[in-house]
4 protein chains.
Amino acid sequence: MLRYLTAGESHGASLVAVLEGMPAGLKIAKERIDRELKRRMQGYGRGDRMRIESDKATILSGLRKDETIGSPITLIIENRDSSIANLQQVLGPRPGHADLAGGQKYDRADLRDILERSSARETAARVGVGAICKTFLSEFDIDILSHVVVLGGIEAHTRNLTFSQIRKDASGSDLNCADKAAAKLMRAGIDKARKSGDTLGGIFEIIATGLPPGLGSHVQHDRKLDAGLAAALMSIQSAKGVEIGAGFKAAIRHGSRVHDEIFYLKSKGFFRKTNNAGGIEGGISNGEPITIRVAVKPISTLRNPLKSVNIKTKQTQKASVERSDVCVVPAAGVVGEAVTAIELAGAMLEKFGGDSIKETLRNYNGYLKQLKSY
Amino acid sequence: MLRYLTAGESHGASLVAVLEGMPAGLKIAKERIDRELKRRMQGYGRGDRMRIESDKATILSGLRKDETIGSPITLIIENRDSSIANLQQVLGPRPGHADLAGGQKYDRADLRDILERSSARETAARVGVGAICKTFLSEFDIDILSHVVVLGGIEAHTRNLTFSQIRKDASGSDLNCADKAAAKLMRAGIDKARKSGDTLGGIFEIIATGLPPGLGSHVQHDRKLDAGLAAALMSIQSAKGVEIGAGFKAAIRHGSRVHDEIFYLKSKGFFRKTNNAGGIEGGISNGEPITIRVAVKPISTLRNPLKSVNIKTKQTQKASVERSDVCVVPAAGVVGEAVTAIELAGAMLEKFGGDSIKETLRNYNGYLKQLKSY
Amino acid sequence: MLRYLTAGESHGASLVAVLEGMPAGLKIAKERIDRELKRRMQGYGRGDRMRIESDKATILSGLRKDETIGSPITLIIENRDSSIANLQQVLGPRPGHADLAGGQKYDRADLRDILERSSARETAARVGVGAICKTFLSEFDIDILSHVVVLGGIEAHTRNLTFSQIRKDASGSDLNCADKAAAKLMRAGIDKARKSGDTLGGIFEIIATGLPPGLGSHVQHDRKLDAGLAAALMSIQSAKGVEIGAGFKAAIRHGSRVHDEIFYLKSKGFFRKTNNAGGIEGGISNGEPITIRVAVKPISTLRNPLKSVNIKTKQTQKASVERSDVCVVPAAGVVGEAVTAIELAGAMLEKFGGDSIKETLRNYNGYLKQLKSY
Amino acid sequence: MLRYLTAGESHGASLVAVLEGMPAGLKIAKERIDRELKRRMQGYGRGDRMRIESDKATILSGLRKDETIGSPITLIIENRDSSIANLQQVLGPRPGHADLAGGQKYDRADLRDILERSSARETAARVGVGAICKTFLSEFDIDILSHVVVLGGIEAHTRNLTFSQIRKDASGSDLNCADKAAAKLMRAGIDKARKSGDTLGGIFEIIATGLPPGLGSHVQHDRKLDAGLAAALMSIQSAKGVEIGAGFKAAIRHGSRVHDEIFYLKSKGFFRKTNNAGGIEGGISNGEPITIRVAVKPISTLRNPLKSVNIKTKQTQKASVERSDVCVVPAAGVVGEAVTAIELAGAMLEKFGGDSIKETLRNYNGYLKQLKSY
């Protein structure tokens, strides 16, 4: 059973994550965590602060000599600015943010008490946890990437690219986009939005390869792999939509053009030539790559702020302004990779058990062998 | 804490649901449950069997004199055909279904052992649970509807209709669609698909009204209301996409055209003039109607079946054929209402506590009063 | 992940249990379930009704051809008397029962609404679930027994008996007691208590053998095997105390006389010559038999009832009288076996994973081999 | 929903706790946390190191201006010695500890990887969390104490003392024992055990007052308040037994002498004159003080170590020696208070809900009023 909690406010002392259930004997490279943390801060369209700053994780527990020992792993990511106690009161809730509803729920007179936690800064903790889960998944040759497929209304054309082409091309792009021509137009859109004090959203895609068939289960509503992934991805700040495989497009096609016919070759077992299912059928991974697309709304803090109401005086006022990113879709994709990795690592451990990486691998290999004679 | 499990195979003795955590003192009308069960079976495009059959729930526990007493509620829905043991072996997995991946996971030589449980027949149990949760929500004047907005590629135009207009028009339609003209075209599409042995998918929309601000929470990934709803809706058989509010459309607009500005009137408190957020900001309900759209793929069993492989002989063969619906989008919407009701009832109980409906209502009313002076 | 819910009132239609997470491919003998249900009803000291009646389970889901298929298993145990709606109001709460506190919590004017669920009749459902879990554990040669070690103040002398001697002697006793001489005195005590309209409690012991080292974990408070077992056993109606191994006696001895020294033989690996730890150290099974003792208070319904107060009139009155058992300690032991089996089956599945019994066994055997070279 | 995780090794950087679900608006005094941490380190019989050292908590998240804001609270307790990476290998598992079983489970060649986490040092984190939960409970006038009732076989006589007398007398004692004469004998026992390189255990008692009736529930095995408390207390390092109220003594008395008769006075509502139930009937708090006794085995590290086996060479050797406490029963009691506070705070929040302390209190007061007219 893999579980985790994050904690921390954006201007508090630090962000914190505790991850439990990782088997013992897994080598963890701190650089890998820091690399993912850095990726989360990148992307054309971020404020200047972001591009300069660089988060680093400190591991407080759970490792000895860089290796997991079965006990819970604590990550700390210090905040550069930890002046939370003294920061100015916020009375003008931002449309699109948790500010107002959170203030009402928790009965707070200062909305800063809400936004400090609801801020996407929290996702740094999840990216840290995700980096550990990716390390775990690497042991099984499971690999995950994200790339931007729509930004500010511009669509990237990547349907014909392989996993490794997308990785190569996207990682060379400051928008994590594998279509160079589209990226150029996206950048122009960002520049324009910045000038008008506006913000942009988009869509990122997650692809996970190397998964065995049999993760998740059809037997109960809350054990379906797609349900868990949908929750994980929708829980990302700014996410407003999640689709698996062909997703909303599957809804408008005929069945004969949606379902992925089944083939068999002795050398590779059962396989498909299409993947409209996005690697999940009946709530269970089917061995094909898992593909998910996530809609990210434009960020809620506009430099040219929207209309709001002062929660104290009830007078109309502009919404408060907290920071100056124009677009965070590439970063949201990095967070998407992380939460996908966490979800998949959990599904692997639920199916294969194991308290040492050696044991989990042994169980996994036994299953692969079983599949061969299925 | 509200929780539930369902059980039962589609040709087993019966479907079963156990729901726990419902406060005591709630009057339950069995007719209401049966009405929802019937709604789930309706819709132009269902096989003949469906339209004739009519599920009925038996309540085995949890009520006394038609009133909840705090203890777990068991619903049983008998299957007309309970010949599971004798039904013919299935060796040709259907593309799009859990058949193959489930067979591999659970190591079953007969895929019937999988499809009997993965079948959408299971959703009858969830609809029964949902009917009880709707009854609970009624006490707080929370109301939920679903309607079909896309079917077979035909889009219904309903954006300008009110909640009650949609309910009225959709409930008068055999496609649960509030746009008469669109419904006519949808029906034609279904007829055509039936002739070619094909199937159709679509999109349904859920609208929930009467919710207070403050359900769900921004403080942890797994407590966000939208994450929970996304999981619940994605767990419906055939669902491939979920979007909240403007969803994927929010991803292509500018921030200034997405976020819902905040207004205040003494008489009604804080409110919005738009609802692109779909009633949820920062993982918390904001008091506006919750709107969700769900993509439903065409059903996986085609009368004119797709290519598959015999799992025993490994020879190519046609996929097995289990039943003859062409389109189940309206029914999926009814299931969508149910799982939404369960999720929202759980969120209400988490926030307001209470072991009797009187207590939960008292706590709720105290909160409404608190909101007035916020 | 193994989980289960029970439902049902003692005079409702039936008791219900849904168990989820059992791997596929496990043969279930309904006779085994019924045999355990019958054992729960036995024991000198039960009312006449009990000794005559005989519960039978009906399996509504989760099996096909008597074999698990991975989907949730539903057990139904019909009640002979299902007149719950018409049974007479209860206004005199019984000291020792949930009646009063439950009535206050759930705000019920008729305490029958509480006692129908709090009744130990519910444990029949748990015994049914336990029988399935015992079947699962048998695959790993894990065996569980209970026997009565104290009843009405009479202590049985069994410290020098082996597991199989205790099983043999206890199962031949109508008090499930392995000490014949003590049992005779116990019976006399019961007869005397019956005459005076009083009731008797006692202590039963659980012994589980064949467990591997490594179940449970030291890494988090809620993953300790002893914590889970303590909760499971304390949740039995009438249980007031739980001790593992030497338990309260360990608290009064010196450390040098409590801790079990460690030995090693190539043929058997690490082992102990004593077992004061009761098979659990640091929240983890250590490979020795797990031994637990549970204190069972005398049942709360006395034929010669205690003082109580009418909840409507607030006048002093005698507590209500529901049934006529004098002593249920042997039956409580049978329930103890069941909840222990459920807990241990869950711990096995958490460690070894697996969706088919073949897979779980393969993983388990891999671990045993690993232990040999530890 | 209150939940928490702890992390940290005894010679790692620090101990960590994340607590989630605490309502907003609760004032937290860091001194109160530190005072509890200090209490955990006290007690005649501890090693010298313990009596000198003094843990201090740092709060990394969840508070602003010393007040909770609804978001998760992180506590860090730094270790004075954080040389975990370099500490010497441990090959001689200590009988009574997690060393061997943990090493086998997690497949560790160096048992230090286990004992660093299984060490009772972890309980500092729980005491920190408990201090916050005690602060929460104070708002409802719920109070919890622990005191030592047996140590090294010496029994304290405290049955006739009131809650406040016990608190006063125990807090003045370096053994947290309210019976001065007994404490003197206990100290002598400790001195003697120290001389012989041995260790002592004992029994502590928890008393919680001010609880309303209605916490926990009879409706499901895992919602019983006594089951939750049993798990929490049994999860304490060294705990081997838990009894509620009269506990094991209830098992040997007649029913007429065990169950607490029910009385009523308009001024105080329903009440009891005895409390053998220990405040819990049918898994529900009944409004009387909750009393629990916990058996603590002698600590497992003996200065005069027991026989063990080198896990590498398989040669007989003495168990490793980690530290030099003789007796930790008073400290275990402090941990017992903490985990009891966490469990009760969780039960309060489950019943009363609320996201601000104002809301939880309002709901609670509404319930108290309801009880008055019951």
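It should be emphasised that the depicted structure is a prediction, and the values quoted were computed from it without experimental measurement.

Engineer: I keep staring at the overall build of chain A and nothing clicks. Help me out?
Structural biologist: A count of helices and strands for chain A gives 10 helices and 17 strands. In terms of C-alpha radius of gyration, chain A reaches 21 Å, essentially the compact-globule figure of 21 Å for 374 residues. The C-alpha extent of chain A, read off along each of the three principal axes, is 70 × 50 × 40 Å. Within chain A, the proportion of its 374 residues that are buried is 70%. Restricting the contact set of chain A to residue pairs at least 6 apart, pairs at least 24 apart contribute 70%. Once the 55 positive and 42 negative side-chain charges of chain A are each reduced to a mean point, those two points are 3 Å apart.

Engineer: In this structure, what is going on with the interface of chain D and chain B? I would like to understand it.
Structural biologist: Interface size, as often reported, equals the accessible area lost upon joining of the parts. On the side of chain B, 26 residues touch chain D, which itself brings 26 residues to the contact. Carbon and sulfur atoms make up 34% of the area that chain D and chain B hide from each other, which totals about 2,000 Å². Counting across the chain D and chain B interface gives 8 salt bridges. A salt bridge links aspartate 355 of chain B to lysine 351 of chain D, with the shortest nitrogen-to-oxygen separation between them at 2.6 Å. Connecting chain D to chain B are 15 residue pairs in polar contact (both at pLDDT 80 or more). Taken together, the elements giving at least two residues each to the side of chain D that touches chain B come down to α9 (329–352) and α10 (357–372) of chain D.

Engineer: What's the story with the environment of lysine 249 of chain B in this structure? I'm lost.
Structural biologist: Residues and elements named next belong to chain B. If you trace the backbone, lysine 249 turns up in the loop between β10 (239–244) and β11 (263–265). The class of lysine 249 is partly exposed, set by a relative accessible area of 41%. Measuring from C-alpha to C-alpha, the distance between lysine 249 and asparagine 276 comes to 9.2 Å, with 27 residues separating the pair along the chain. Setting aside residues up to four positions removed in sequence, lysine 249 forms contacts with Arg159 and Glu243.

Engineer: I tried to follow the interface of chain A and chain B on my own but got confused; where do I start?
Structural biologist: Taken together, the contacts link 102 residues of chain A with 102 residues of chain B. For the pairing of chain A and chain B, the buried interface totals around 8,200 Å² over both sides, and the portion due to carbon and sulfur atoms is 62%. Linking chain A with chain B are 0 salt bridges, by the criterion used here. Inspection of the chain A/chain B interface yields 44 residue pairs in polar contact (both at pLDDT 80 or more). Tallying contributions element by element places helix α3 (residues 99–106) of chain A first for the side of chain A that touches chain B, with 7 residues. Taken together, the residues that form the side of chain A that touches chain B break down as 47 nonpolar, 33 polar and 22 charged. For strand β10 (residues 239–244) of chain A and β10 of chain B, the ladder comprises 3 bridges, and the chain directions are antiparallel.

Engineer: I keep staring at the pattern of salt bridges and nothing clicks. Help me out?
Structural biologist: Close approach of charged atoms allows side chains of opposite charge to pair. If you walk through the whole model with that rule in mind, you get 124 salt bridges over all chains. Ionic pairing is found between lysine 358 of chain C and aspartate 107 of chain B, a salt bridge with its closest N-O pair at 2.9 Å. You can see lysine 358 of chain C sitting in helix α10 (residues 357–372) and its partner aspartate 107 of chain B sitting in the loop between α3 (99–106) and α4 (112–118), one on each of two chains. For glutamate 359 of chain B, the salt bridge is made with lysine 351 of chain D, and the minimal N-O distance between the two is 2.8 Å. Placement of the pair is glutamate 359 of chain B in helix α10 (residues 357–372) and lysine 351 of chain D in helix α9, with the two residues belonging to separate chains. For the pair formed by glutamate 359 of chain B and lysine 351 of chain D, the shared burial category is buried. Because the salt bridges share partners, they merge into one network encompassing Lys27, Arg64 and Glu67 of chain A together with Arg108, Asp110 and Asp113 of chain D.

Engineer: It is not clear to me how the nonpolar core should be interpreted in this structure. Could you clarify?
Structural biologist: Across soluble globular proteins, nonpolar side chains show a tendency to be buried alongside one another. Phe136 of chain A together with Phe136 of chain B are the most contacted members of the largest nonpolar core, which totals 158 residues. If near-sequence neighbours (up to four positions away) are discounted, phenylalanine 136 of chain B is found in contact with Met22, Pro23, Leu26, Ala345, Met348, Leu349, Ile357 and Thr360 of chain B. In this structure, Leu63 and Cys327 of chain C together with Cys177 and Ala239 of chain D belong to the second largest nonpolar core, which totals 157 residues.

Engineer: Whenever I open this one, the sheet that holds strand β3 (residues 57–61) of chain D confuses me. Can you help?
Structural biologist: Within a beta sheet, neighbouring strands are joined by backbone hydrogen bonds and run either parallel or antiparallel to one another. All names here are of chain D. Taking strand neighbours across the sheet as the criterion, the 4 strands line up as β1-β2-β6-β3 in an open arrangement whose pairing is antiparallel. In this open sheet, the two strands that pair with only one neighbour each are β1 (3–7) and β3. This sheet shows a mean twist of 20° between the axes of neighbouring strands, independent of strand direction. Direction of pairing for strand β2 (residues 14–20) relative to strand β6 (residues 73–78): antiparallel, over a ladder of 6 bridges. Considered in β6, the bridge of valine 18 is made with threonine 74. Contacts from helix α5 (residues 123–138) reach β1, β2 and β6 within the one sheet, and its direction differs from that of β2 by about 35°.

Engineer: In this structure, what is going on with a positive patch on the surface? I would like to understand it.
Structural biologist: A surface patch of positive charge is lined by Lys268 and Lys273 of chain A together with Lys307 and Lys318 of chain B. Residue placement: lysine 268 of chain A occurs in the loop between β11 (263–265) and β12 (269–271). The exposure class assigned to lysine 268 of chain A is exposed, which follows from its relative accessible area of 51%.

Engineer: Looking at this model, I keep getting lost on unusual backbone geometry. Mind explaining?
Structural biologist: Residues other than glycine predominantly adopt negative phi, and peptide bonds predominantly adopt the trans conformation. Within the chain, aspartate 107 of chain C stands out as a residue other than glycine whose phi angle is a positive 55°. The phi angle at aspartate 141 of chain C is positive, at roughly 60°, despite the residue not being glycine.

Engineer: How should the pairing of β10 of chain A be read in this particular structure?
Structural biologist: Residues and elements named next belong to chain A. In terms of burial, β10 is largely enclosed, as 6 of its 6 residues are buried. As defined by bridge partners, β10 adjoins strand β15 (residues 290–296) across 5 bridges and the pair is classed as antiparallel. Within the sheet, the bridge partner assigned to valine 242 lies in β15 and is valine 294.

Engineer: What exactly am I supposed to notice about the sheet that holds strand β10 (residues 239–244) of chain C here?
Structural biologist: Overall, antiparallel pairing links the 10 strands, which are arranged β8(C)-β7(C)-β9(C)-β15(C)-β10(C)-β11(D)-β16(D)-β9(D)-β7(D)-β8(D) in an open sheet. The sheet terminates laterally at β8 (154–155) of chain C together with β8 (154–155) of chain D, the two strands that pair on one side only. Helix α8 (residues 225–234) of chain C contacts β9 (202–209), β10 and β15 (290–296) of chain C together with β11 (239–244) of chain D of the sheet and is inclined by roughly 155° relative to β10 of chain C. Lying on the sheet, α9 of chain D is in contact with β7 (143–151), β9 (202–209) and β16 (290–296) of chain D; it crosses β7 of chain D at an angle near 145°.

Engineer: Honestly, helix α8 (residues 225–234) of chain A in this entry has me stumped. Any pointers?
Structural biologist: Count 3.6 residues to each turn of an α-helix, and residues three or four apart come out pointing the same way. Burial analysis of α8 of chain A places 10 of its 10 residues in the buried class, which makes it a mostly covered element. Among all positions in α8 of chain A, only Leu225, Asp226, Ala227, Gly228, Leu229, Ala230, Ala231, Ala232, Leu233 and Met234 of chain A are buried.

Engineer: How do you make sense of the side chain of threonine 340 of chain C when you look at a structure like this?
Structural biologist: All names here are of chain C. With respect to the helices and strands, the residue threonine 340 is situated in helix α9 (residues 329–352). On the basis of relative accessibility, which here comes to 1%, the residue threonine 340 falls in the buried class. Filtering out sequence-adjacent residues up to four positions away, threonine 340 remains in contact with Ile144, Ile206, Leu229 and Leu233.

Engineer: Hey, could you run me through the relation of the copies chain D and chain B in this one?
Structural biologist: What relates the pair of chain copies is a rotation about an axis plus a shift along that axis. When chain D is fitted onto chain B, the two copies agree to an RMSD of 0.0 Å after a turn of 180° and an axial shift of 0.0 Å. Taken together, the rotation and translation describe the operation of a two-fold axis. Judged by C-alpha distance, glycine 353 of chain D is the residue of chain D that lies nearest the rotation axis, at 2.2 Å. In this assembly the copies share their binding face: 100% of the residues contributing to the interface of chain D also contribute to that of chain B.

Engineer: Whenever I open this one, helix α1 (residues 30–41) of chain D confuses me. Can you help?
Structural biologist: Residue and element names in this part refer to chain D. For α1, spanning 12 residues, the distance from its first C-alpha to its last is 17 Å, which sits close to the expected 16 Å at 1.5 Å a residue. Looking at α1, one finds that the buried residues are Ile33, Asp34, Glu36, Leu37, Arg40 and Met41. The buried residues of α1 occupy one face: seen down the axis, they fall within an arc of 160°. Directly beyond the C-terminal end of α1, a positive phi value near 115° is found at glycine 43.

Conventions adopted
Every residue gets a number counted from 1 within its own chain, in the order that chain's sequence is written. Chain A is the first chain written and ligand 1 is the first ligand written, with later ones labelled in order. Given that this is a predicted model, residues contribute local features only at a pLDDT of at least 70 and side-chain atom pairs are listed and counted only at 80 or more, while totals for whole chains, interfaces and linings are drawn from all residues. Side-chain metrics in this entry use all non-hydrogen atoms of the structure; hydrogen atoms and water are not considered. Counting from the N terminus, the helices are DSSP H or I runs at least four residues long and the strands are E runs at least two residues long. Radius of gyration: over C-alpha atoms. The globule rule applied is 2.2 Å multiplied by the number of residues raised to the 0.38 power. Partly exposed describes any residue whose relative accessible area lies between the buried limit of under 20% and the exposed limit of over 50%, with all areas from a 1.4 Å probe on protein chains only and scaled to the type maximum. Residue contacts are defined here by distance: any two heavy atoms, one from each residue, within 4.5 Å place the two residues in contact. Asp and Glu are treated as the negative residues and Lys and Arg as the positive ones, with His and the ends of the chain left uncounted. In plain terms, the charge of a residue is placed at NZ if it is Lys, CZ if Arg, CG if Asp and CD if Glu. Accessible-area loss on putting two parts together, using a 1.4 Å probe and summing over both, is the definition of buried area adopted here. The working definition used for a salt bridge is a side-chain nitrogen of Lys or Arg within 4 Å of a carboxyl oxygen of Asp or Glu. Nitrogen and oxygen atoms within 3.5 Å of one another constitute a polar contact, given that in protein one can donate a hydrogen and the other can accept it, and given that sequence-neighbouring residues count only through two side-chain atoms. Note that Gly is not counted as nonpolar here; it falls among the polar residues with everything else outside the nonpolar set of Ala, Val, Leu, Ile, Met, Phe, Trp, Tyr, Cys and Pro and the charged set of Asp, Glu, Lys and Arg. Following DSSP output, two strands are said to pair if at least two bridges run between them. Throughout, nonpolar core names a set of buried Ala, Val, Leu, Ile, Met, Phe, Trp, Tyr and Cys residues whose side chains join them through atoms within 4.5 Å. In this description, a line fitted to the C-alpha atoms serves as the axis of each element, helices being fitted only across the stretch in contact, and the angle between N-to-C directions of two axes falls anywhere from 0 to 180 degrees. Residues with no salt bridge and a relative accessible area higher than 30% make up the patches, which join like charges within 9 Å and nonpolar side chains (Val, Leu, Ile, Met, Phe, Trp, Tyr) within 5 Å. Accessible areas in this description were obtained via Shrake-Rupley with a 1.4 Å probe; residue shielding takes into account the shown protein chains only. Here the copies are superposed with least squares, the fitted atoms being C-alpha atoms of residues at a pLDDT of at least 70 in both. Each helix should span, by expectation, one fewer than its residue count multiplied by 1.5 Å. It is the directions from the helix axis to the C-beta atoms that the arc portrays.

Remember, this is a structural readout, not a statement about activity or role.
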